[in-house]
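This is what each chain is made of:
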Amino acid sequence: MNYSGIELLHRIAASGGGLRLGVFIAVLALMLWLESRWPRRDAPLRRSRWPANFGLGAVNALLLRLLPLLAVGVAMQAQLVGWGLFNQLHLPPVIAVLMAWLLLDCAIYWQHRALHTPLLWRLHRPHHADTAFDASTALRFHPLEILLSMLYKMGVVLALGAPVAAVILFEIALNAAALFNHANFDLPGDRWLRRILVTPDFHRVHHSSHRHEIDSNYGNVLSVWDYLFGSYVAQPRDGHASMQIGLAEFRDDSQQKIVPLLLQPFRP
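I will try to describe carefully the structure that is included in this document. (Residues numbered from 1 in each chain as written. Predicted model: local features only at pLDDT ≥ 70, side-chain atom pairs only at ≥ 80, totals over all residues. Heavy atoms only, no water.)

Regarding unusual backbone geometry
Here His90, not a glycine, exhibits a phi torsion of approximately 55 degrees, which is positive. Among the secondary structure elements, His90 is positioned in the loop between α4 (86-89) and α5 (93-114). Here His90 falls in the exposed class, since its relative accessible area comes to 66%. In this structure, Asn217 is a non-glycine residue whose phi angle is positive, near 50 degrees. Secondary-structure assignment places Asn217 in the loop between α11 (211-214) and α12 (224-228). Note on Asn217: relative accessible area 0%, which makes it buried. (Helix = DSSP H or I, 4+ residues; strand = E, 2+ residues; numbered from the N terminus. Buried < 20%, exposed > 50% of the residue type's maximum accessible area, 1.4 Å probe, protein only.)

Side note on the packing of helix α3 (residues 71-81) against helix α8 (residues 164-181)
Here α3 crosses α8 at 170 degrees, and the two axes come no closer than 9 Å. Taken together, the axes of α3 and α8 lie roughly antiparallel to each other. Together, Ala71, Val72, Ala75, Met76 and Gln79 of α3 and Val164, Val167, Ile168 and Glu171 of α8 make up the contact between the two elements. Residue composition of the contact of α3 with α8, grouped by class: seven nonpolar, one polar and one charged. (Axes fitted to C-alpha atoms, helices over the stretch in contact; angles between N-to-C directions. Parallel < 35°, antiparallel > 145°, perpendicular 65-115°, else oblique. Contact = heavy atoms within 4.5 Å. Nonpolar A, V, L, I, M, F, W, Y, C, P; charged D, E, K, R; others polar.)

Structure representation (structure tokens):
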């Protein structure tokens with residue numbers, strides 16, 4: 001059966017969406033199992049946190065489904081009309097995919113740093129207000145932050161003219177890495193693995209209650225950007241077992257419910 005270019009790209013995007021969802025569910029199940037078997041810290045209070053964390057994840061998933069175009073769709077359109085850097089360079093496909101993937105990960109690193117500036121911190125604050133650290137924290141983002149992040153990602157994809165395959169692979173890696181590096185399990189070989197990837201111990205520092213540690217370790221998939229741009233902090237000063245997670249001003253259980261989290265960016 002023959003398909004037009006647009007039809008073929010839409011089929012690729014649809015198959016990529018199914019793959020992303022399948023990988024996400026599999027990685028989430030694996031992280032929850034690892035947390036239950038080999039916890040790195042005392043088991044966090046799930047009953048008071050999980051409804052809001054998973055609830056925000058569901059709200060954000062529905063929000064993204066309402067958008068007419070996402071990052072993969074932008075990559076498809078850019079490829080069709082020849083927009084963006086990589087659509088002008090005509091590199092070998094494997095090289096183009098690899099370079100675009102790396103640039104996307106670097107762009108998301110800088111987005112994360114921007115979210116810690118005074119202008120955007122309120123949107124990102126609900127994520128850091130979690131009083132514990134586990135795989136569910138990876139789902140805890142305010143819908144306005146998710147919307148802003150998707151618009152930024154779409155702009156980067158358009159400017160790069162990133163290949164569709166690179167965007168699909170990056171979305172899969174980004175979702176899986178978020179679940180992995182927020183997971184509360186004891187990872188053997190962290191000392192070596194963190195030279196390449198953002199590990200749970202690497203990222204847990206970022207969820208400290210100390211501001212200089214909050215403003216560090218911004219990497220999402222690859223750890224190289226923190227080493228390269230001087231934002232790496234090796235270990236929390238209070239130790240992983242005893243460090244306090246979250247923000248002092250939002251520690252009450254009443255602030256961990258979904259409605260207060262949705263309203264939090266509008267509070268002083």
